[in-house]
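Structural overview for review
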Amino acid sequence: MKLPLPACTPTPLASYLKALGVLRLLSEQHPQANIRGAWERGCFVIHGDMAREKLIAFFLNDYAPTPIMVPWSGQDFFKVNREQTQSAFRSLLKSPKGAKRPSSNTIIESILVTDTPRLSEYRKALKSCFDAMDKVGLTKKEQIEGTGKAERANKRSLLIELRNRVPDEIVRWIDAATVIESDAFGFNALLGSGGGSDGNSHFSDNFMQALWMALPVLSIHFEAKVTSASSDPFHSEQALEAALFGTLTNVATISNFSPVLFDSSRVGGPNSTTGFSADSASNPWDFILMMEGALLFAGALARKHGSQNPGRATFPFVVTATPVGGVNLINNEASGNEIWMPLWTNPVSVEEVSCLIAEGRLEAGTRIATKGLDVARALSSLGVDRGITAFQRFGILRGRVGGDNYNTAVNLGIFSVRQNTDSDLLSDFDEWLERATTLRTSDKTPESFKAALNGLDRAIMAFCKNSGDPHRAQEMLIALGRCERTMAGSQKWAHEAFLKPVPLLQTRWLSAANTGTAEYRLAAALAGLTGPLSKTWLPLRSHLEPVTAGRKEDRRWFSWQENPSRDVVWHDGPLADALNAILARRVVLAARGERLADTSFIPARLPDIAAFIDKRTDDRLLASLLWGLCLVDFGADYNADFKLERPREDHEPTALYALLKLCFSRHSIRETEIPLVAAIQRRAAAGDGVNASTLAARRLRASGLPVAVGQMHLQGETVQRTAAALLFPLSATDTSALAERVLRPAKTQPNPATQLA
């Protein structure tokens, strides 16, 4: 039997946890129903022997609440009259105090004096809690209030004593709210900043008050009737139906009763409505069920691989926030947290869900996932292996709703799970990104770098969500190049911050990011220029930024230069100007050898060069791709798998380009090596096509090559772009094709045998 729960949806966080609470409670307290659950069409569906009427009856009449309490925060447990008797308690409630909603310590007393079996575990847990407080000598809230060393030590002692004394049911709650570390304790962001409390809101207080409003077994002690937000008497059964099935009713919500961080739409206070402020109002059954669901998220201690140091507290799918997503976060919210909640379509038992959540302490590469991007990387394989279709991502952020002392669960969108065979590409710069991320919130970090880093985060997230999409891989490559470009502009800061240049990337990036555009092929050809120039290894990257290229055997790397050399000639502005500056510098460096000895793994194609000269390419995209592709390790193994396809167009560059390129080619022309003449490039870069063509023709004739073209009367930008295009490396075949266009056919020697005849 299938029973959809339309009010149990993936968002807000309260509704997600509510679905898990239903699954857990039915499975543990009504096992004969053989309950399983799945997410279908945007809501939670339970499978098993459970009809609607039966489900309502179970929660109203049989449900036994899990003992949830937070004695390590607040003063309610210090105000409880532990010697309260049932008769005295009834007399107390007949006083004027009973006309108001009872305080938490009063509700604790009501649980202690009741004799219903449904609350037997709660009574045991409360008594064990008081014994633990006595054992560690806690008599007033000031002993645990605050963040001082003594107060934290008292809290830790109380938590240890609680775990040793209380029943298993409350141990589950303690482990969900906090983890006891070697010298302190850690709190689960899912359950507030105080481990079951957030600001002035104490979740156990709210939980017990919700029980008092929803369970007749408790409210029967009180003469005061619960009033709903509509001023009509609160109706528990209708509220339960609204919490599970979304039925419309005006007697289900309670005024001034907040779902705290779990549902920002009902918190109230500043920023919670279109006006200045609003009162909080929520359904007690929503709060009860979501707290019961949160108990599945118990924490643990994580230890770095190979480390002998004590571990740190980790909780399932809870990591540091990454400031990107469906709702972008701002940089100062990067210190918050985010939670990734799994969604699955195949019905599973609560045991299977518990195992999945227990595996929620994920690893990215060889380290424990600590931020949202790590989770995006790690979840692909885990999700596919466990039958998960997507993850609902929430940010737990301070100050969004209700004031600066309160956290809010913000919907950051759905992350669909797909197997990403290229996810290992991220490991190339994993350590660099980890270091860069630590600098995000520093006041010394340039805002331009923070913006570039945010862009990289967005690109990585999109890449992880879209397996095998070269456009997403290319966006990530461009974003990496933008980070590198920004660091190069603030090289002194990067050096002082111990932030190294982006490390070299494996050559598989070339195929992963190939979108088949002329811009990509041209940028790859330029980035593949590695030299040598004479006997010097000078990659093109050395002309873009102040770095020194190093290599040892088969390993290559780049490091910052303390004193930038004259090789760095890249500048902002027209791309043709920057490429001309690079070519001029390489010509100067190559002058000793009298010819350009550049080598490249990827030759440019003539139709793409024609498109560049004619301004049919996007210069901004080409420049961005160049910065990204210069990060690829072209010195590594390179094979045919990464060779770029030929362009579909068949345009040829101008005759001026052909004439000039023969003077700046690493290939011999008809077995003749052409000496370099720097003046040819300088004239062309200045837009002087007349003198550039004249000098080029003169140089070729002096080398014994018969030129078929003469002086060309071209001026301006086309000539400047033609000069810049000389930097693109060509294959020997294309170079020979250019020679055939502008040189006369070679004279052949007469055949002696023919002459004798």
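Residues numbered from 1 in each chain as written. Predicted model: local features only at pLDDT ≥ 70, side-chain atom pairs only at ≥ 80, totals over all residues. Heavy atoms only, no water.

**With respect to the overall build of the protein chain**
- A count of helical and extended segments in the protein chain gives 29 helices and 19 strands.
- By the burial criterion, 55% of the 757 residues in the protein chain qualify as buried.
- Contacts in the protein chain between residues far apart in sequence, at least 24 positions, make up 73% of those at least 6 positions apart.
- Counting only carbon and sulfur atoms, one obtains 47% of the accessible surface of the protein chain, whose full area is about 32,400 Å². (Helix = DSSP H or I, 4+ residues; strand = E, 2+ residues; numbered from the N terminus. Buried < 20%, exposed > 50% of the residue type's maximum accessible area, 1.4 Å probe, protein only. Contact = heavy atoms within 4.5 Å. Areas by Shrake-Rupley, 256 points an atom, 1.4 Å probe, with all protein chains shown as cover.)

**Focus on the pairing of strand β19 (residues 555-560)**
- Side chains Arg556, Phe558 and Trp560 of β19 all project onto a buried face; the interleaved residues Arg555, Trp557 and Ser559 project onto a face where none is buried.
- Where strand β18 (residues 547-552) meets β19, six bridges bridge the pair, whose relative direction is antiparallel. Each bridged residue has a counterpart across the sheet, and for Gly550 the counterpart in β19 is Trp557.
- In this structure, the hairpin formed by β18 and β19 is closed by a connection of two residues, where Glu553 is found at a positive phi of approximately 55°. (Pairing = 2+ DSSP bridges.)

**A closer look at the pattern of salt bridges**
- Using the criterion set out here, one finds 28 salt bridges in the structure.
- Linking Asp614 and Arg616 is a salt bridge whose minimum nitrogen-to-oxygen distance equals 3.4 Å.
- For Arg616, a relative accessible area of 39% puts it in the partly exposed group.
- Between Glu717 and Lys615 there is a salt bridge whose closest N-O contact spans 3.2 Å. Taken together, the residues span a long stretch of sequence, with Glu717 in helix α27 (residues 717-725) and Lys615 in the loop between α22 (606-613) and α23 (619-629) at a distance of 102 residues.
- Residue Glu717 is classed as partly exposed on the basis of its relative accessible area, which comes to 41%.
- Several salt bridges share partner residues, and in doing so they unite Arg24, Glu28, Arg172 and Glu292 into one network. (Salt bridge = Lys/Arg side-chain N within 4 Å of Asp/Glu carboxyl O.)

**Concerning the packing of helix α19 (residues 518-527) against α23**
- Across the interface, α19 lies against α23 with an axial gap of 8 Å and an inter-helix angle of 40°. Between α19 and α23, the angle falls in the class oblique. Considering only the axes of α19 and α23, their crossing is right-handed. Here Glu519, Tyr520, Leu522, Ala523, Ala524, Leu526 and Ala527 of α19 lie close against α23, whose contacting residues are Leu621, Leu622, Leu625, Leu626 and Leu629.
- Split by residue class, the contact of α19 with α23 holds 11 nonpolar, no polar and one charged. (Axes fitted to C-alpha atoms, helices over the stretch in contact; angles between N-to-C directions. Parallel < 35°, antiparallel > 145°, perpendicular 65-115°, else oblique. Left-handed = near helix turned anticlockwise from the far one by under 90°. Nonpolar A, V, L, I, M, F, W, Y, C, P; charged D, E, K, R; others polar.)

**Structural notes on the side chain of Arg24**
- Within the secondary structure, Arg24 is located in helix α1 (residues 13-29).
- Residue class for Arg24 comes out buried when judged on its relative accessible area of 0%.
- Here the side chain of Arg24 touches Thr66 through a polar contact of 3.0 Å, side chain to side chain.
- For Arg24, the contacting residues outside a window of four places in its chain are Thr66, Arg172, Glu292, Leu295, Leu296 and Val350. (Polar contact = N/O pair within 3.5 Å; in protein donor to acceptor, adjacent residues only side chain to side chain.)

**Observations concerning the nonpolar core**
- One finds Phe429, Trp432, Leu456, Ile609, Phe612 and Leu629 to be the most contacted residues of the largest nonpolar core, which totals 117 residues.
- Setting aside anything within four residues of it in sequence, one finds Phe612 in contact with Leu522, Leu575, Leu579, Thr617, Asp619, Leu622, Arg721, Ala724, Ala725 and Phe728. (Core = buried A, V, L, I, M, F, W, Y, C linked by side-chain atoms within 4.5 Å.)

**Comments concerning the confidence of the model for the protein chain**
- Per-residue confidence for the protein chain gives a mean pLDDT of 82; residues scoring 70 or more make up 81%.
- Averaged pLDDT values for the elements of the protein chain fall to 44 in helix α29 (residues 752-756) and rise to 97 in α23.
- For the stretch residues 301-313, pLDDT sits under 50, and the model shows 27 contacts to residues farther than four places along the chain or on other chains. (pLDDT = per-residue confidence, 0-100.)

**Quick look at the side chain of His30**
- Mapped onto the elements, His30 comes out in the loop between α1 and β2 (36-40).
- Take His30: its relative accessible area is 14%, and that puts it in the buried class.
- Separated by 3.1 Å, the side chains of His30 and Gln32 make a polar contact.
- His30 has contacts with Leu25, Met50, Lys54 and Phe58, leaving out every residue within four places of it along the chain.

**Points about the sheet that holds strand β3 (residues 43-47)**
- Spatially, β1-β3-β2 is the arrangement adopted by the three strands of the open sheet, whose pairing is antiparallel. Each edge of the open sheet carries a strand with a single partner, namely β1 (2-5) and β2. Across the sheet, the mean angle separating the axes of adjacent strands is 30° when strand polarity is ignored.
- When β2 meets β3, the two strands line up antiparallel, connected through five bridges. Its bridge partner lying in β3, Glu40 is registered against Cys43.

**Quick notes on the packing of helix α25 (residues 678-685) against helix α26 (residues 689-702)**
- Between α25 and α26, the shortest axis-to-axis distance is 8 Å and the interhelical angle comes to 160°. When the axes of α25 and α26 are compared, the pair comes out roughly antiparallel. Remark: the crossing between α25 and α26 carries left-handed chirality. Contacts between α25 and α26 involve Ala679, Ile680, Arg683 and Ala684 from the former and Asn691, Ala692, Leu695, Ala696 and Arg699 from the latter.
- Its residues placed into classes, the contact of α25 with α26 shows six nonpolar, one polar and two charged.

**Thoughts on the packing of aromatic side chains**
- Using the criterion set out here, one finds 15 aromatic pairs in the structure.
- For the pair Phe59 and Trp285, a centre-to-centre distance of 6.1 Å together with 70° between the ring planes defines the contact as edge-to-face. Taken together, the positions of Phe59 in helix α2 (residues 52-62) and Trp285 in helix α11 (residues 284-294) put the pair 226 residues apart, joining distant regions of the chain. Like Phe59, the residue Trp285 is buried in the burial classification.
- Among the aromatic residues, those joined into a cluster by ring pairs are Tyr16, Trp39, Phe44 and Trp344.
- Its end group placed over the ring of Phe245, Arg52 keeps NZ or CZ at 4.1 Å from the ring centre. (Phe/Tyr/Trp six-rings, centres within 6.5 Å; stacked < 30°, edge-to-face > 60°. Lys NZ or Arg CZ within 6 Å of the ring centre and 35° of its normal.)

**Focus on the sheet that holds strand β17 (residues 407-416)**
- If you trace the four strands from one edge of the open sheet to the other, you get β12-β13-β16-β17, paired in antiparallel fashion. Taken across any chain shown, the strands that pair with only one partner, and hence form the sheet edges, are β12 (318-320) and β17. Each strand axis lies, on average, 30° off the axis of its neighbour in the sheet, ignoring direction.
- As judged from the eight bridges shared by strand β13 (residues 337-344) and strand β16 (residues 388-398), these two strands associate in the antiparallel manner.

**Regarding the environment of Thr9**
- Looking at where Thr9 falls in the secondary structure, it is placed in the loop between β1 and α1.
- Take Thr9: its relative accessible area is 19%, and that puts it in the buried class.
- Residues Thr9 and Trp39, 30 residues apart in the sequence, show an inter-C-alpha distance of 8.4 Å.
- Beyond its immediate chain neighbours, meaning those up to four positions away, Thr9 contacts Ser15, Tyr16, Trp39, Gly42 and Cys43.
- Among the polar contacts listed, one links the side chain of Thr9 to the backbone oxygen of Thr11, at a separation of 2.6 Å.

**Considering unusual backbone geometry**
- Going from Thr11 to Pro12, the amide bond is cis rather than trans, its omega being -5°.
- Relative to the elements of secondary structure, Pro12 occurs in the loop between β1 and α1.
- In this structure, Asn34 is a non-glycine residue whose phi angle is positive, near 55°.
- Mapping Asn34 onto the fold places it in the loop between α1 and β2.
- Residues other than glycine seldom take positive phi values, yet Lys615 does so here, at roughly 65°.

**Describing the environment of Leu660**
- Looking at the element boundaries, Leu660 is found in helix α24 (residues 655-661).
- A relative accessible area of 0% places Leu660 in the buried class.
- For the pair Leu660 and Leu695, spaced 35 residues apart in the sequence, the C-alpha separation amounts to 9.2 Å.
- Sequence-distant contacts of Leu660, that is, excluding residues within four places in its chain, are made with Ile680, Ala684, Ala692, Ala696, Thr722 and Leu726.

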